[in-house]
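In case you want the letters, here they are:
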Amino acid sequence: MASEAVKRILEAEAMSDKKNAEARKQHDDIISSASGSSSLAIQKKIAEATSEAVKIREGYNEKLKEYEQNAENECNKKLSSIKQLAEKNMDSAVNEIINRYF
């Protein structure tokens with residue numbers, strides 16, 4: 001009878017160890033699966049963010065080129081206007097010098 005009780009206790013301990021081992025394995029599998037899923041989700045989000053950053057950068061580069069072109073055109077207009085004014089002033093100065101001295 002005592003040996004029967006000891007046998008049942010040993011069987012219960014063996015069953016408990018087996019269930020604990022199965023639970024640890026399931027625990028490890030769940031953690032591994034979750035870790036893999038989260039890694040994929042993180043990689044996907046990084047790829048999406050990188051793609052969005054490239055689009056934004058391209059948009060800013062296009063705006064910058066447009067701004068540079070507009071600024072260059074405006075500078076050329078102002079230079080042309082200043083050049084015409086300088087030529088007019090030079091002609092007036094030459095005429096004034098000629099009229100005074102000759």
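Refer to the preceding data block for the structure.
So, here's what we can say about the structure. (Residues numbered from 1 in each chain as written. Predicted model: local features only at pLDDT ≥ 70, side-chain atom pairs only at ≥ 80, totals over all residues. Heavy atoms only, no water.)

### Regarding the overall build of the protein
Part 1 of the reasoning: Counting its secondary structure elements, the protein contains 1 helix and 0 strands.
Part 2 of the reasoning: Taking the principal axes of the C-alpha coordinates as reference, the protein spans close to 145 × 20 × 5 Å.
Part 3 of the reasoning: When burial is assessed residue by residue, the protein has 0% of its 102 residues classed as buried.
Part 4 of the reasoning: Put simply, the protein has 17 plus and 18 minus side-chain charges, and the middle of one group is 2 Å from the middle of the other. (Helix = DSSP H or I, 4+ residues; strand = E, 2+ residues; numbered from the N terminus. Buried < 20%, exposed > 50% of the residue type's maximum accessible area, 1.4 Å probe, protein only. Lys, Arg positive; Asp, Glu negative; His and termini not counted. Charge placed at Lys NZ, Arg CZ, Asp CG, Glu CD.)

### Focus on the environment of Ser 35
Part 1 of the reasoning: As for its position among the elements, Ser 35 is in helix H1 (residues 2-101).
Part 2 of the reasoning: Counting along the chain gives 24 residues from Ser 35 to Glu 11, while the straight-line C-alpha distance between them is 36 Å.

### Comments concerning a nonpolar patch on the surface
Part 1 of the reasoning: Together, Met 90, Val 94, Ile 97, Ile 98, Tyr 101 and Phe 102 line one region of the surface with nonpolar side chains, adding up to about 720 Å² of accessible area.
Part 2 of the reasoning: Locating Val 94 in the fold gives a position in helix H1.
Part 3 of the reasoning: Owing to a relative accessible area of 41%, Val 94 belongs among the partly exposed residues under this scheme. (Patch = residues over 30% accessible without salt bridge, like charges linked within 9 Å, V, L, I, M, F, W, Y side chains within 5 Å. Areas by Shrake-Rupley, 256 points an atom, 1.4 Å probe, with all protein chains shown as cover. Salt bridge = Lys/Arg side-chain N within 4 Å of Asp/Glu carboxyl O.)

### Side note on the pattern of salt bridges
Part 1 of the reasoning: Applying the stated rule across the entire model yields 2 salt bridges.
Part 2 of the reasoning: Salt-bridge contacts for Lys 25 lead to Asp 29; the nearest nitrogen and oxygen are separated by 3.3 Å. Here Lys 25 and its partner Asp 29 are both found in helix H1, 4 residues apart, which amounts to about one turn of the helix.
Part 3 of the reasoning: Overall, Lys 25 belongs to the exposed group, its relative accessible area being 53%.
Part 4 of the reasoning: With a relative accessible area of 42%, Asp 29 lands in the partly exposed category.
Part 5 of the reasoning: Of the charged contacts in the structure, one is a salt bridge between Lys 45 and Glu 48, with a shortest N-O distance of 3.9 Å. Residue Lys 45 and its partner Glu 48 are both found in helix H1; the two are separated by 3 residues, about one turn of the helix.
Part 6 of the reasoning: The exposure class assigned to Glu 48 is partly exposed, which follows from its relative accessible area of 39%.

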